[in-house]
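The residues making up each chain are set out below.
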Amino acid sequence: MKEGDATVVRLPLEEDRQIVAYGGGGFSMEAGNRLLDAYVLDLARRRRERPRVCFLPTASGDADHYVVRFYRAFPGSVCEPSHISLFRRDRGARDLRAHMLAQDLVYVGGGSILSLLGTWRAHGLDAILAEAWRAGVILCGLSAGSLCWYSQGVTSFHGEVHQVRGLGLLPWSNCVHYGTGQDRRVAYHAMLRRGMCPGYAAEDGTALHFRGPKLISAIASRPQARAWCVGDRGEEIVETALPTRYLGEPQVPTRVSGGPVADDLEAVA
Amino acid sequence: MSGAIVAIGGTEFTMRPENEALHDYVVGLAGGGPGAVPEPLRICLLPTASGDPHEQIVSFHGAMERRGCLASAISLFRLGVAPVDLAEHLLGQDVIYVTGGSMVNLLALWLEHRIDEIIRAAHERGIVLCGYSAGSMCWFEQGLSRGGGAPASFPGLGLIGGSNCVHYSQDPTRRDAYRRLVGEGAIPGGLALDDHAAALIREGELVEVVRSRETAAAYRVERGADGSVVEVEVPSRLLPPARATTELGLAEMRELRRARSGATAGPPGPGRLGRLR
């Protein structure tokens, strides 16, 4: 083997591990705008004609109205919907693990990230979801349901902006609802300065599609919505706007290279 | 001196006489009730175990405000829209009231939000702790929860030694699992409570058992020398009928509600009965 040669070891299944993390949007935030939810449903359809979609409303305390809205957005005519209520385990699926592994798409609702992660851990759902992801079940969610997939996240759900640790399936940091409230952005930058890993900020109406740890596409349900990769470059915090594909019009899909701080993209801050 | 704990086998905040009598008991115990104290009793609901359902919070407010209490609720799932200093608010209460639901989730969320530490501090300060179902078992060393699906033992905060089983006569699956676990020595023996039976505990000692329904009972369930289960009913006191309902009368109350809702008088239809709850 001569100098410069590399041995390429392809990781099995890496390509099959998919997460679509919404900055905010979908049926719970964008009434009448089906674009993001249609995108994840299309992904799931590649796994099964009538995909199994399971809703996890844990972050809302399993609010009834939220569950009802999910069934309206994902009716039995287009998929095989179900939901898991961790507050009513005496009803519903007996074997949590078997049920999750049998899904094509797991949709995590918004709410309190701390309550979400605490409850999941109590039921071992954190490990089950990681296993499901490795097995090819597509994971998606908004707000707390986006933050949870990353290593670290920025939440202001509990008043002050603070840092949370997620499940770490995506080795990046994440800030959702970007642009709504300046303090969130300032706090995220401060956390990056203090050593938080680089990551992605997503505005409402955008979603980030990952295969394995790699971002492959940034999509939007609103023409102007943007997402960014954000990192600390030593001298400064760099926010790089991601090429975002608006799902409302037919367009050639854009592919985004590598992780955060991609040099070939338009730098904004 | 640490505060009293009231463990209730099962109740609700709906205006049924057997629920109302238990609310009178709790409020009376904490020194509240009509004209009992110069200041209104401060009572805070923690509806964590049930996922903070709005209807439950509303009916709690109704039940406690009818008794002249200053009621509040902390919804951990809505801290974003209603931020509150958890320690400051909870330590300023006379009573902390915990609802039923999932004991597993209750303790996981308390731990996540560090409410367990605040509750311990509240107990040491003499604040009355009370609750039903998961909100009863959480005070003991061990409870028997269905929060993970099948009934299984689950550790509580351990402010009271021994174990606790709720809905004892109402949920045979739970009762059987509890008796089996005590018999096997997997969990310590303890106190089993029917719906509408409540135990008053001070300094870890059972002071009395009260009941708001004639048939409700409490049992001490212990492991016998030969591994058998010994179940002994604990004498209990039947509570007087609730003040609110005796003062106004159920029929009058219904009439009042009908008038308030603007409905015309007449035989209550199924829809109207549904709305009473």
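Residues numbered from 1 in each chain as written. Chains lettered and ligands numbered in written order. Predicted model: local features only at pLDDT ≥ 70, side-chain atom pairs only at ≥ 80, totals over all residues.

**Re the interface of chain A and chain B**
Moving on, step 1. Counting from both sides, the interface comprises 20 residues of chain A and, opposite them, 21 residues of chain B.
Moving on, step 2. A per-class count over the side of chain A that touches chain B returns 5 nonpolar, 10 polar and 5 charged. (Contact = placed C-beta atoms within 7 Å. Nonpolar A, V, L, I, M, F, W, Y, C, P; charged D, E, K, R; others polar.)

**Concerning the nonpolar core**
Moving on, step 1. Core analysis: the largest hydrophobic core is formed by 80 residues, its most contacted members being Val-95, Ile-96 and Leu-193 of chain B.
Moving on, step 2. In terms of residue count, helix α4 (residues 103-112) of chain B provides more of this core than any other element does, 7 residues in total.
Moving on, step 3. What Leu-193 of chain B contacts, discounting residues up to four positions off in sequence, is Ala-7, Ile-8, Gly-9, Ser-136, Val-166, Tyr-168, Ala-199 and Ala-218 of chain B.
Moving on, step 4. Core analysis: the second largest hydrophobic core is formed by 74 residues, Tyr-22, Cys-54, Phe-87 and Met-100 of chain A among them. (Core = buried A, V, L, I, M, F, W, Y, C linked by C-beta atoms within 7 Å. Buried ≥ 20, exposed ≤ 12 C-beta atoms within 10 Å, placed from the backbone. Helix = DSSP H or I, 4+ residues; strand = E, 2+ residues; numbered from the N terminus.)

**Focus on the pairing of strand β13 (residues 237-241) of chain A**
Residue and element names in this part refer to chain A.
Moving on, step 1. Two strands pair when backbone bridges link them, and strand β12 (residues 227-232) and β13 are joined in this way by 5 bridges, in the antiparallel orientation. Within the sheet, the bridge partner assigned to Trp-228 lies in β13 and is Ala-241.
Moving on, step 2. Where β12 folds back onto β13 in an antiparallel hairpin, the turn is made up of 4 residues, including Gly-234, whose phi is positive at roughly 95°. (Pairing = 2+ DSSP bridges.)

**A word on helix α7 (residues 172-184) of chain B**
Moving on, step 1. Here α7 of chain B contains 13 residues, and its C-alpha end-to-end distance of 18 Å stays within 8% of the 18 Å for a straight helix at 1.5 Å per residue.
Moving on, step 2. Buried residues belonging to α7 of chain B abut β6 (140-145), β7 (152-155), β8 (160-165), β9 (190-193), β12 (218-223) and β13 (229-234) of chain B. (Expected span 1.5 Å × (residues − 1).)

**Let's talk about the packing of helix α4 (residues 113-123) of chain A against α4 of chain B**
Moving on, step 1. Orientation of α4 of chain A relative to α4 of chain B, taken along the N-to-C sense of each, is 130°, at an axis distance of 8 Å. When the axes of α4 of chain A and α4 of chain B are compared, the pair comes out oblique. Crossing of α4 of chain A against α4 of chain B: the hand is right-handed. Listed contacts from α4 of chain B to Leu-114, Ser-115, Gly-118, Thr-119, Arg-121, Ala-122 and His-123 of chain A of α4 of chain A are Val-104, Asn-105, Ala-108, Leu-109, Leu-111 and Glu-112 of chain B.
Moving on, step 2. For the contact of α4 of chain A with α4 of chain B, a count of residues per class yields 6 nonpolar, 5 polar and 2 charged. (Axes fitted to C-alpha atoms, helices over the stretch in contact; angles between N-to-C directions. Parallel < 35°, antiparallel > 145°, perpendicular 65-115°, else oblique. Left-handed = near helix turned anticlockwise from the far one by under 90°.)

**Some words on the environment of Arg-184 of chain A**
Residue and element names in this part refer to chain A.
Moving on, step 1. Assignment of secondary structure puts Arg-184 in helix α7 (residues 182-193).
Moving on, step 2. For Arg-184, a count of 19 C-beta atoms within 10 Å gives the class partly exposed.
Moving on, step 3. C-alpha of Arg-184 to C-alpha of Glu-160: the two residues are 24 residues apart in sequence and 9.1 Å apart in space.
Moving on, step 4. Ignoring any residue separated from it by four or fewer positions in sequence, one finds Arg-184 in contact with Val-154, Ser-156, Val-161, Cys-175, His-177 and Tyr-178.

**Notes on the environment of Pro-223 of chain A**
Residues and elements named next belong to chain A.
Moving on, step 1. Examined against the element boundaries, Pro-223 turns out to sit in the loop between β11 (214-220) and β12.
Moving on, step 2. The spatial distance from the C-alpha of Pro-223 to the C-alpha of Arg-17 is 28 Å, given a sequence separation of 206 residues.
Moving on, step 3. Not counting residues within four places of it along the chain, the set of residues in contact with Pro-223 comprises Tyr-246 and Gly-248.

**Some remarks on the confidence of the model for chain B**
Residues and elements named next belong to chain B.
Moving on, step 1. Residue-level pLDDT values for chain B average 87, and 85% of them are 70 or greater.
Moving on, step 2. Confidence drops under pLDDT 50 across residues 262-277; counting only partners more than four residues distant or on other chains, this segment forms 7 contacts.
Moving on, step 3. Per the prediction output, this complex has pTM 0.81; the corresponding ipTM is 0.76. (pLDDT = per-residue confidence, 0-100.)

**Here we look at the sheet that holds strand β5 (residues 128-132) of chain B**
Residue and element names in this part refer to chain B.
Moving on, step 1. Strand order across the open sheet formed by 8 strands is β3-β2-β4-β5-β1-β10-β11-β14, with mixed pairing between neighbours. Where the open sheet ends on each side, the last strands, each with one partner, are β3 (70-73) and β14 (237-238).
Moving on, step 2. Note that strand β4 (residues 95-98) and β5 share 4 bridges and pair parallel. From the neighbouring strand, Ile-96 faces β5, where its bridge partner is Leu-129.
Moving on, step 3. This element, helix α2 (residues 54-65), spans β2 (42-46) and β3 of the sheet and lies at about 165° to β3.

**Let's talk about the sheet that holds strand β6 (residues 150-155) of chain A**
Residues and elements named next belong to chain A.
Moving on, step 1. Reading across from one edge, β7-β6-β8-β9-β12-β13 is the order of the 6 strands in this open sheet, with mixed pairing throughout. Looking at the sheet topology across the chains shown, the edges are occupied by β7 (162-165) and β13. Strand-to-strand twist of the sheet, defined as the mean angle between neighbouring strand axes without regard to direction, takes the value 25°.
Moving on, step 2. As paired elements, β6 and strand β8 (residues 170-175) share 4 bridges and run parallel to each other. Across the sheet, residue Tyr-150 finds its bridge partner in β8, namely Leu-170.
Moving on, step 3. Running at roughly 35° to β12, α7 makes contact with β6, β7, β8, β9 (199-202), β12 and β13 of the sheet.

**Here we look at unusual backbone geometry**
Residues and elements named next belong to chain B.
Moving on, step 1. Positive phi outside glycine occurs at Asp-52, with the angle close to 55°.
Moving on, step 2. Residue Asp-52 is classed as buried on the basis of its C-beta count, with 28 C-beta atoms lying within 10 Å.
Moving on, step 3. One non-glycine residue, His-167, lies in the positive phi region at around 50°.
Moving on, step 4. One can find His-167 in the loop between β8 and α7.

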